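Residue-level listing of the chains:
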Amino acid sequence: MEVSYYQLVSYLGAAFGVGLASIGAGFGEGYVAGEACHAMMKQPKARDHLLRTMLIAQALAETGAIFALLIALLILFGNVKEAANNLPDLISVFAAGLVMGLGCIGTGTGIGYTGGKACMGIGRNPRQTNLITRTLFVGAAVAESTAVYSLVIGLLLLFVA
Amino acid sequence: MEITGVEIIRAAALLGAGICMGFGAIGPGIGEGFVGGKACEGIARAPENSGLLTRTMLVGQAVSESTGIYSLVIALLLIFAV
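Quick caveat: nothing in here was measured; it's all calculated off a predicted structure.

Asker: What am I meant to see in helix 2 (residues 47-77) of chain A here?
Answerer: Each α-helix turn comprises 3.6 residues. Residues three or four places apart therefore point the same way. Residue and element names in this part refer to chain A. Counted at 1.5 Å a residue, the expected span for helix 2 with its 31 residues is 45 Å, and the 42 Å between its end C-alpha atoms agrees. At T63, helix 2 shows its maximal kink, close to 35 degrees. Those residues of helix 2 lying buried are L50, T53, M54, A57, Q58, A61, G64, A65, A68, I71, A72 and I75. Summarising the contacts, the buried residues of helix 2 are in contact with helix 1 (5-42), helix 3 (87-124) and helix 4 (129-159). Backbone geometry just after helix 2 places N79 at a positive phi near 55 degrees.

Asker: Explanation requested: the packing of aromatic side chains in the structure shown.
Answerer: Two aromatic rings are characterised by how far apart their centres lie and by the angle between their planes. Evaluation of the coordinates by the stated rule reveals 3 aromatic pairs over all chains. Summarising the aromatic geometry, the rings of F16 of chain A and F94 of chain A are spaced 5.7 Å apart at their centres and angled 90 degrees between planes, so their arrangement reads as edge-to-face. Placement of the pair is F16 of chain A in helix 1 and F94 of chain A in helix 3, with a sequence separation of 78 residues. Ring centres of Y31 of chain A and Y113 of chain A lie 5.4 Å apart, and the angle between their planes is 15 degrees; on these two criteria the pair is classed as stacked. Of the two residues, Y31 of chain A sits in helix 1 while Y113 of chain A sits in helix 3, which places them 82 residues apart along the sequence. On the basis of relative accessible area, Y31 of chain A is assigned to the partly exposed category, the value being 24%. Aromatic ring contacts, followed pair by pair, group Y31 and Y113 of chain A together with F34 of chain B into a single cluster.

Asker: Got a minute to help me understand the interface of chain A and chain B in this structure?
Answerer: Accessible area lost on assembly of the parts is the figure often given for the size of an interface. Contacts between the two partners involve 46 residues from chain A, matched on the other side by 44 residues from chain B. Counting each side, the surface lost to burial between chain A and chain B is near 3,600 Å², with a carbon and sulfur contribution of 79%. The tally of links between chain A and chain B comes to 1 salt bridge. Here K117 of chain A ties to E41 of chain B by a salt bridge, and the two come within 3.7 Å at their closest N and O atoms. Looking at the side of chain A that touches chain B, the elements with two or more residues in it are helix 3 and helix 4 of chain A. Element by element, the count of residues in the side of chain A that touches chain B is highest for helix 3 of chain A, at 24 residues. Across the side of chain A that touches chain B, the residue classes tally to 27 nonpolar, 17 polar and 2 charged.

Asker: Is there a simple way to explain the nonpolar core in this structure?
Answerer: Soluble globular proteins: nonpolar side chains tend toward being buried together. Counting 35 residues, the largest nonpolar core has I153, L157 and L158 of chain A together with M21 and I79 of chain B as its most contacted members. Those elements that provide at least two residues to this core are helix 1, helix 2, helix 3 and helix 4 of chain A together with helix 1 (5-45) and helix 2 (50-80) of chain B. With 11 residues, the single largest contributor to this core is helix 3 of chain A. Non-local contacts of L157 of chain A, meaning those with residues more than four positions away in its chain, are made with K81, S92, A95 and A96 of chain A together with L14, G18 and I79 of chain B.

What counts and what doesn't
Residues numbered from 1 in each chain as written. Chains lettered and ligands numbered in written order. Predicted model: local features only at pLDDT ≥ 70, side-chain atom pairs only at ≥ 80, totals over all residues. Heavy atoms only, no water. Helix = DSSP H or I, 4+ residues; strand = E, 2+ residues; numbered from the N terminus. Expected span 1.5 Å × (residues − 1). Bend = angle between axes of the 7 residues up to and from the residue. Buried < 20%, exposed > 50% of the residue type's maximum accessible area, 1.4 Å probe, protein only. Contact = heavy atoms within 4.5 Å. Phe/Tyr/Trp six-rings, centres within 6.5 Å; stacked < 30°, edge-to-face > 60°. Buried area = accessible area lost by both parts, 1.4 Å probe. Salt bridge = Lys/Arg side-chain N within 4 Å of Asp/Glu carboxyl O. Nonpolar A, V, L, I, M, F, W, Y, C, P; charged D, E, K, R; others polar. Core = buried A, V, L, I, M, F, W, Y, C linked by side-chain atoms within 4.5 Å.

The following block contains the structure:
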């Protein structure tokens, strides 16, 4: 029987990618929701602002995991390097999944922390919602950068290396 | 599938690039998020200092980013130079 080693590396790469990325995104989004609940308890009148900020922050924390999902779908169904039968090409497919998975643990957790503290701040001082949301966006964008680096390395491993 | 020594080295470099950038992104991501969170908290407490807080946040995040950029450089070196 002809063994397709591509299946081995692509299944493992996709699993590691999405599995590891979900750790950070899940933890971060849960933290945002927890802080938003806490802030609503203190400041029920600001609930609309809080709900909106919570959803924005969760979407920001989710982006890394969506990058990982994209890479996993590319690996599984994108016909990338499917005919590969040398070790470097096969390993690069696995490494692309791994880099995206590990790369998103930190950004998901970090952006979640930023979003949680933004909700906490809005609960404490609802009049400054705009200022706090702006700081949330700037902070989250900088924290996102390492996920973008991981995406770049993942795409390079898939298409160039 | 025949595997030669050169291919093993090349495969190790590619796997190393993935591991390097992956692990290298964990720390800066958490650290920068922590900075951003504390800046939001600080602005809620003292909105009149928002300019100072935003500036300090960006400087701190830039320093925290440096290890992520080291990882990126090493990963690119492993992919293209090794």
